[in-house]
Amino acid sequence: MSAWFKRIDKGISTPTEAKKDVPKGLWYKTPSGKIVDTEDLRQNLYVSREDGYHVRIGSAEYFEILFDNKFKELNASLESADPLGFSDTKSYLDKLKDAQEKTKLKDAVRTAVGKSLGKNLVIACMDFAFIAGSMGSVVGEKIARAIDYSIKHKIPFLMISKSGGARMQEAPFSLMQMVKTSAKLTLLANAKVPYISLCTDPTTGGITASFAMLGDINIAEPNALIAFAGPRVVKDTTGKDLPEGFQRSEFLLEHGFLDAIYERKKLKTQINLYIDLVSNDKIRH
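What counts as what
Residues numbered from 1 in each chain as written. Predicted model: local features only at pLDDT ≥ 70, side-chain atom pairs only at ≥ 80, totals over all residues. Heavy atoms only, no water. Helix = DSSP H or I, 4+ residues; strand = E, 2+ residues; numbered from the N terminus. Buried < 20%, exposed > 50% of the residue type's maximum accessible area, 1.4 Å probe, protein only. Contact = heavy atoms within 4.5 Å. Areas by Shrake-Rupley, 256 points an atom, 1.4 Å probe, with all protein chains shown as cover. Lys, Arg positive; Asp, Glu negative; His and termini not counted. Charge placed at Lys NZ, Arg CZ, Asp CG, Glu CD. Pairing = 2+ DSSP bridges. Right-handed = clockwise from strand over helix to strand, strands pointing away. Core = buried A, V, L, I, M, F, W, Y, C linked by side-chain atoms within 4.5 Å. Expected span 1.5 Å × (residues − 1). Arc of directions from axis to C-beta. Axes fitted to C-alpha atoms, helices over the stretch in contact; angles between N-to-C directions. Parallel < 35°, antiparallel > 145°, perpendicular 65-115°, else oblique. Nonpolar A, V, L, I, M, F, W, Y, C, P; charged D, E, K, R; others polar. Patch = residues over 30% accessible without salt bridge, like charges linked within 9 Å, V, L, I, M, F, W, Y side chains within 5 Å. Salt bridge = Lys/Arg side-chain N within 4 Å of Asp/Glu carboxyl O.

**Student:** Go over the overall build of the protein chain, please, and point to the residues and values.
**Tutor:** Looking only at helices and strands, the protein chain features eight helices and 11 strands. With the C-alpha coordinates aligned to their principal axes, the bounding extent of the protein chain is approximately 80 × 55 × 45 Å. Each of the 285 residues in the protein chain was classed as buried or not, and the buried ones make up 41%. Taking contacts inside the protein chain between residues at least 6 apart in sequence as the whole, the part at least 24 apart equals 65%. Accessible area for the protein chain stands at about 15,500 Å²; split by element, carbon and sulfur atoms hold 55% of it. Across the protein chain, 41 positive and 35 negative side-chain charges occur, with their mean positions spaced 4 Å apart.

Given below as C-alpha cells:
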C-alpha cells in the first residue's frame, strides 16, 4: 500500500480504512465559535477556558458542584397530573412521559439537602432539559416543600433558576405557583432563614416575576439571560433597538437588579460566605 494512504509516526501505521470518525459529543462549540474538548469542559465545571462561556447544565451537575459529597433528594417521586386535559399536537400526559424518558427526571426541578462546606444547605435546582424548565404545579409544590424543610430545620435555602417560564399546559395552575412560592418565601424570611437566589441562563417569565428575584441576595452566572419577556419580544413590542447586552446578567447588575455575578467555580465559596456573614458564624474556607 502506498505511503500516501498510511500515517506513519513512531512506528505506528494506520491505513485509511482503519481510521474512524470523531465520536459525536467529543467537542463542544461555544457561541463565539471556540471549540472545546468536552472532557476539559467537564473538569472546568462546564465553563470554556477559551472564552469563559458557561455551558447550560442541570441539577445533577449543580448538586455535584455545590454539595460536598452526598445529598438526600426531597420529594423525588412527585409527578405532574393533567388537570385541564390539555392537548395540542400531542396530549400533555404524552409530552410529560416523553420528557421523563428523555431526561430521566420526574419534572423540571429537583430539591435536595446536604452538606456544603461542612454545613447543611437545601437546594432547589431547575432542569431546562425538562420541557424548557417550565413551572407547573409540581415545580411550585416541590419548591414550597423545600422551603418548608428549610424553615423546619433552620437550614439556608438556595434556589437555582433556569426556566422558560410558566407551563402553558397547566394554565392557571401554573400561574398559581408564583403566589404560592412567594408566600412560602415570606414565611422563610419571617423565620430568619437565609435565602439565596441564583439566576442562570435562561431565567425568564413567571420565574423572574416570582421567586427568582426575591432572594435576600440575588446573584447570577456571567452572561445569563434574565428577563420577564425576552429581548425579541421587547424589541417587537417597542419597535426600538435595544442596548448592547440588554437583559444579560451584567446589564442587570449595572442597573441594580442583581447583587453580584459569580463564575461557576466561585459559587460554592461565595454562597457559603454569604450564609456565614448573615448568620454571624465563623467564615469557612
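Picking up after the structure, the text goes on.
**Student:** So, the pairing of strand β9 (residues 195-203): which residues are in play, and what are the values?
**Tutor:** Within β9, nine of the nine residues are buried, which leaves it mostly tucked inside the rest of the structure. When strand β8 (residues 157-163) meets β9, the two strands line up parallel, connected through six bridges. The partner of Ser 161 across the bridge, within β9, is Cys 199. Examined bridge by bridge, β9 and strand β10 (residues 217-220) share four bridges and lie parallel to one another.

**Student:** Run through the pairing of strand β7 (residues 119-126), naming residues and quoting values.
**Tutor:** Burial of β7 is extensive: six of the eight residues sit out of reach of the surface. Bridge analysis of strand β6 (residues 109-116) against β7 gives eight bridges, and the strand direction is antiparallel. By the bridge assignment, Gly 114 is partnered in β7 with Leu 121. Taken together, the four bridges between β7 and β8 define a ladder with parallel strand orientation. Its bridge partner lying in β8, Ile 123 is registered against Leu 158. This β-α-β element, β7 to helix α4 (residues 137-153) to β8, shows right-handed connectivity.

**Student:** Outline unusual backbone geometry, listing residues and values.
**Tutor:** A cis amide bond, omega -5 degrees, links Asp 201 with the succeeding residue Pro 202. Among the secondary structure elements, Pro 202 is positioned in strand β9. Positive phi, close to 65 degrees, is recorded for Lys 104, a residue that is not glycine. One non-glycine residue, Asn 223, lies in positive phi territory at about 60 degrees. Inspection of the secondary structure assignment puts Asn 223 in the loop between β10 and α6 (231-238).

**Student:** Go over the nonpolar core, please, and point to the residues and values.
**Tutor:** Counting 36 residues, the largest nonpolar core has Ile 143, Phe 157, Met 159 and Phe 211 as the members making the most contacts within it. Mapped by element, the contributors of at least two residues to this core are α3 (92-103), β6, β7, α4, β8, α5 (171-190), β9 and α7 (249-254). Non-local contacts of Phe 157, meaning those with residues more than four positions away in its chain, are made with Leu 121, Val 122, Ala 124, Ile 143, Ala 146, Ile 147, Ser 150, Leu 185, Leu 188, Pro 194, Tyr 195 and Ile 196. Of all hydrophobic cores here, the second largest spans 21 residues; its members include Leu 66, Phe 67, Ile 219 and Ile 271.

**Student:** Account for α5, with residues named and values stated.
**Tutor:** With 20 residues, α5 should cover 28 Å at 1.5 Å per step; its first-to-last C-alpha distance of 30 Å lies within 8% of that length. Residues of α5 that are buried include every one of Ser 174, Gln 177, Thr 181, Leu 185 and Leu 188, and no others. Here the buried residues of α5 occupy an arc of 60 degrees about the axis, which is enough to place them on one side. In this structure, α5 carries Val 179 and Asn 190 as exposed residues pointing more than 90 degrees from its buried face. Turning to α5, the residues buried within the fold contact α4, β8 and β9. Looking one or two places after α5, you find Lys 192, whose phi comes out positive at around 60 degrees.

**Student:** So what about the packing of helix α2 (residues 59-66) against helix α8 (residues 267-279)? Which residues, and what values?
**Tutor:** Their axes nearest at 9 Å, the elements α2 and α8 cross at an angle of 65 degrees. What the angle tells us is that α2 and α8 run roughly perpendicular. The segment α2 lies against α8, with Tyr 62, Ile 65 and Leu 66 engaging Leu 267, Lys 268 and Ile 271. Each residue belonging to the contact of α2 with α8 can be placed in one class, and the counts come to five nonpolar, no polar and one charged.

**Student:** For a nonpolar patch on the surface, give the residues involved together with the corresponding values.
**Tutor:** A grouping of Leu 26, Trp 27 and Ile 35 is seen on the molecular surface, where their side chains present a nonpolar patch of about 310 Å² in accessible area. Within the fold, Leu 26 resides in the loop between β2 (12-15) and β3 (27-29).

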